[in-house]
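# Examining the three-dimensional arrangement
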Amino acid sequence: MNIEQEIAALRKELHEHNYRYYAQDAPIISDQLFDEKLARLKDLETQHPNFYDPNSPTQRVGGAITKNFDTVVHEQRMYSLDNSYNRQDLLDWEARVCKNLGIEQVDYTCELKYDGASISITYINGKLSQAITRGDGAQGDDVTQNVKTIRTVPLQLTGSTIPEKFTIRGEIMLPIAGFQEMNKLRVAAGEEPYMNPRNTASGSLKLQDSTAVAARPLACYLYQIVAARPLFTSQLESLEAAARWGFHVPKHFVHAPNMDAVFRFLDYWEQQRSTLPYEIDGVVIKVNQMAYQEQLGYTAKSPRWAIAYKFKAEAVETILEDVTYQVGRTGAITPVAQLQAVLLGGTVVKRASLHNADFIQTLDLHYNDTVLVEKGGEIIPKITAIKHDKRSVMAKAIVFASLCPECATPLKRKPDEADHYCPNTQGCLPQRVGRVAHFISRKAMDIDGLGAETIHLLIQHNLIDSYADLYTLKEEDLIPLDRLAEKSAQNIVQAIAASVTVPFARVLYALGIRYVGQTVAKKLANHFGSIDALMFATVEDLVQVDEIGERIAQSVVDYFGIAAHHNQLSKLREAGVQLKQVVAALDSTLLEGMRFVVSGVFALYSRDQLKHVIEQNGGKVAASISKNTTYLIAGDKMGPAKRTKATSLGIPIITEQEFNAMLA
Ligand code: AMP
Ligand code: ZN
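Residues numbered from 1 in each chain as written. Chains lettered and ligands numbered in written order. Predicted model: local features only at pLDDT ≥ 70, side-chain atom pairs only at ≥ 80, totals over all residues. Heavy atoms only, no water.

## Points about the overall build of the protein
Assigned secondary structure in the protein consists of 24 helices and 20 strands. Since a compact globule built from 664 residues should have a radius of gyration of about 26 Å, the 29 Å found for the protein is in line with a globular shape. With respect to the principal axes defined by its C-alpha atoms, the protein has extents near 85 × 75 × 55 Å. The buried share among the 664 residues of the protein stands at 46%. Within the protein, counting contacts between residues at least 6 apart in sequence, those at least 24 apart form 68% of the total. Accessible area for the protein stands at about 33000 Å²; split by element, carbon and sulfur atoms hold 51% of it. (Helix = DSSP H or I, 4+ residues; strand = E, 2+ residues; numbered from the N terminus. Rg over C-alpha atoms; globule rule 2.2 N^0.38 Å. Buried < 20%, exposed > 50% of the residue type's maximum accessible area, 1.4 Å probe, protein only. Contact = heavy atoms within 4.5 Å. Areas by Shrake-Rupley, 256 points an atom, 1.4 Å probe, with all protein chains shown as cover.)

## Structural notes on unusual backbone geometry
Here A408, not a glycine, exhibits a phi torsion of approximately 65 degrees, which is positive. Secondary-structure assignment places A408 in the loop between strand 16 (382-386) and helix 12 (429-440). Residue class for A408 comes out partly exposed when judged on its relative accessible area of 47%. At E547, a position not held by glycine, the phi torsion is positive, near 70 degrees. Structurally, the position occupied by E547 is in the loop between helix 19 (539-543) and helix 20 (550-560).

## Some points on the nonpolar core
Judged by nonpolar contacts, the single largest core of 57 residues is most densely connected at F439, L470, L508 and L524. Shared between two domains, this core takes at least three residues from each, and those domains are domain 4 (429-501) and domain 5 (504-575). Excluding residues within four positions of it along the chain, L508 makes contact with I513, A521, L524, A525, I531 and L534. Counting 37 residues, the second largest nonpolar core, distinct from the first, contains F69, L155, L174 and L222. (Core = buried A, V, L, I, M, F, W, Y, C linked by side-chain atoms within 4.5 Å. Domains from an automatic or database assignment.)

## Brief notes about the site of ligand 1
Lining the immediate surroundings of ligand 1 are 14 residues, of which E111, R134, E171, Y223 and K286 lie closest. Contact between ligand 1 and E171: an oxygen atom at 2.5 Å from a side-chain N or O atom of the residue. Here ligand 1 loses 87% of its free accessible area of 500 Å² to cover by the protein chains. Of all the secondary-structure elements, those providing two or more residues to the shell around ligand 1 are strand 3 (108-114) and strand 10 (280-287). When the residues that make up the shell around ligand 1 are grouped by side-chain class, the tally is six nonpolar, two polar and six charged. (Near = heavy atom within 4 Å. Polar contact = N/O pair within 3.5 Å; in protein donor to acceptor, adjacent residues only side chain to side chain. Nonpolar A, V, L, I, M, F, W, Y, C, P; charged D, E, K, R; others polar.)

## Brief notes about the coordination of the zinc ion (ligand 2)
Perfect tetrahedral coordination of a metal by four donors corresponds to 109.5 degrees between them, and perfect octahedral coordination by six donors corresponds to 90 or 180 degrees. Taken together, C404 (SG), C407 (SG), C422 (SG) and C428 (SG) make up the full set of protein donors to the zinc ion (ligand 2), lying 2.2 to 2.3 Å away. Its four donor atoms give the zinc ion (ligand 2) angles of 101 to 115 degrees at the centre, a pattern that matches the tetrahedral case. Expressed as a motif, the donor residue spacing for the zinc ion (ligand 2) is C-x2-C-x14-C-x5-C. (Donors = N, O, S within 2.8 Å, 3.2 Å for Na, K, Ca; no water. Tetrahedral: all angles 85-135°; square planar, octahedral: opposite > 155°, others 65-115°.)

## Section: the packing of helix 3 (residues 87-101) against helix 9 (residues 259-272)
Where helix 3 contacts helix 9, the two axes come as close as 11 Å, and the packing angle between them is 150 degrees. Taken together, helix 3 and helix 9 sit at an angle that is classed as roughly antiparallel. Considering the relative orientation of helix 3 and helix 9, their crossing is right-handed. On helix 9, the residues that touch R87, L90, L91, W93 and E94 of helix 3 are M259, V262, F263, L266, D267 and E270. (Axes fitted to C-alpha atoms, helices over the stretch in contact; angles between N-to-C directions. Parallel < 35°, antiparallel > 145°, perpendicular 65-115°, else oblique. Left-handed = near helix turned anticlockwise from the far one by under 90°.)

## Considerations on the packing of aromatic side chains
Within this structure, the stated rule accounts for 21 aromatic pairs. Here the aromatic rings of Y123 and F166 are separated by 5.7 Å at their centres, their planes lie at 15 degrees, and the arrangement is stacked. Note that Y123 is positioned in strand 4 (residues 117-124) and F166 in strand 7 (residues 165-173), a separation of 43 residues in sequence. On the basis of relative accessible area, Y123 is assigned to the buried category, the value being 0%. What makes F166 buried here is its relative accessible area of 1%. Consider the rings of Y309 and F311, whose centres lie 6.2 Å apart with planes at 80 degrees: the pair is edge-to-face. Seen from the ring of Y79, R77 lies directly overhead, with NZ or CZ sitting 5.4 Å from the centre. It is R87 that lies over the ring of F263; its NZ or CZ is 5.1 Å from the centre. (Phe/Tyr/Trp six-rings, centres within 6.5 Å; stacked < 30°, edge-to-face > 60°. Lys NZ or Arg CZ within 6 Å of the ring centre and 35° of its normal.)

## Digging into the pairing of strand 13 (residues 333-344)
For strand 12 (residues 315-327) and strand 13, the ladder comprises seven bridges, and the chain directions are antiparallel. Looking across to strand 13, one finds that T324 is bridged to V336. When strand 13 meets strand 14 (residues 347-353), the two strands line up antiparallel, connected through six bridges. In the strand pairing of strand 14, L343 is matched with V348. (Pairing = 2+ DSSP bridges.)

Pasting the structure below:
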């Protein structure tokens, strides 16, 4: 057997083992042997890159970095679902369906409604070609590289009746056990735990490093095949076929000949949902016959042939033991209910958000109250009711704190605001830590490697007073700090130094001026052009800017009214941080009037560089192809959808070399 044959044989074998393991749940070799074979394949592929295959089983371990996720138009729109909350809603829906079709009765499928992040995956000739997030339904983000690392997503389908091209829709999920395991590791490493499986699953899809995605125990549950023409006569058949081809289709779907059967399915799962290893938020009922689905069609938002039945949020009773207070980076105080630990929807709940003083007062909360806790869509569960009959006559009402729990400064509350806040902005530790954490965050200065704990230590040891002092930190300052290795200290210092190139708008956002989010920061940066101009702006000047109101304007003026901030700004200036807008002169106007779409991987440029070069020469870059596109610049591994679209619109496709020739 030559190398090429061995690689092909290993790939085939590993695909089959994956199928047995993930689709059929019936592996025939040990995990260890599987890993050995995978390692062998990986070795061969590294030594012989000419046999590269984007769908090799080795792609599971990740490695690809996606800096910017391409926006892609869904060939078939991703609709949402109409919701129903009770049986009458369903009977009404059935009546509409029957009336529409002009018949007496239809049959349905019932499926669980998986609570994760929707995904649309296209297969061409049995191979995974592209995975797109739902986005706004019309277009989403290309997250192919990340989705390929998810074990339950087949890279290569099995069977003989696979259509040449189709798309399958499903939900990316983080099963509860894996989620809890991830959190255990995070807490042990001193990091904040993730809030819930759904948000963590959808956040995972947008990680830049696919190796990090591969490390997460994500799964994908499939529920719908879409194609230009229907491939099956019923939804039931299509689910069965998908399972045969190697897709992970949970086995809990049923065929329901009538609404009574649907109700029985609902009864069962309303009771049993907590026994599932993953979260569901209801059941999806679909008209089973494809011919009827076609006839019923879609409203602007959702199919007429399907409806979601949402379960009531799970609620449990527990005891309110105490109320504690958290101090945010802006000094805002958030009261948190400390609860007797209780199991809710598969996770242990110990805390609930209480929002603010008004919320506590409206609930009329007392110590030791028996409260009803519900898991809504939000991150932290909420208290929805109090069992007044269980309150002891001795119970004391909760009185909102009058002093900051961290620095004992008397709290303040503005007459028109709901939040209390700690006015000790310069001295209150969580505020100081929070401001530095915000300053270095990804969308601000993007300084990697400094966790909240390290910042805490830096401030406690007087190594920094504010974020402005980061720039004078040395490796020797960092190394003695808890758990910091030499290498990480070096990386941190380098990352801080590198941040001086971050553009002014992001610096302005990083300063943490109240109400100045990313969008406002961009508007202010564009309008004023520099910190020096902004510093002298009055409220009247500021409200002249599009979308800047009184509240933001006042907050900006207040910020510059504080002497400590000027001190910090001069330190930043000294460090070389961008405090004014840099408007780069164009290199040429050779590409003026041209619109480019860039797709695939390039040899001479990173995608960002290529976009930059286009703009520097007067051209424009668009995310998707339209009839206004002048050229599509095609790299390696460009999505086939883009090629088809460009060809159908008659838009010339050029290589990066041809592009370079245009500039020569
Ligand atoms: P919603 O986001 O509440 O409008 O619900 C629609 C979403 O439910 C779809 O976009 C799917 O991602 C998701 N969903 C989960 N399970 C299913 C299923 N079995 N069939 C159809 N959609 C589902
Ligand atoms: Zn304080």
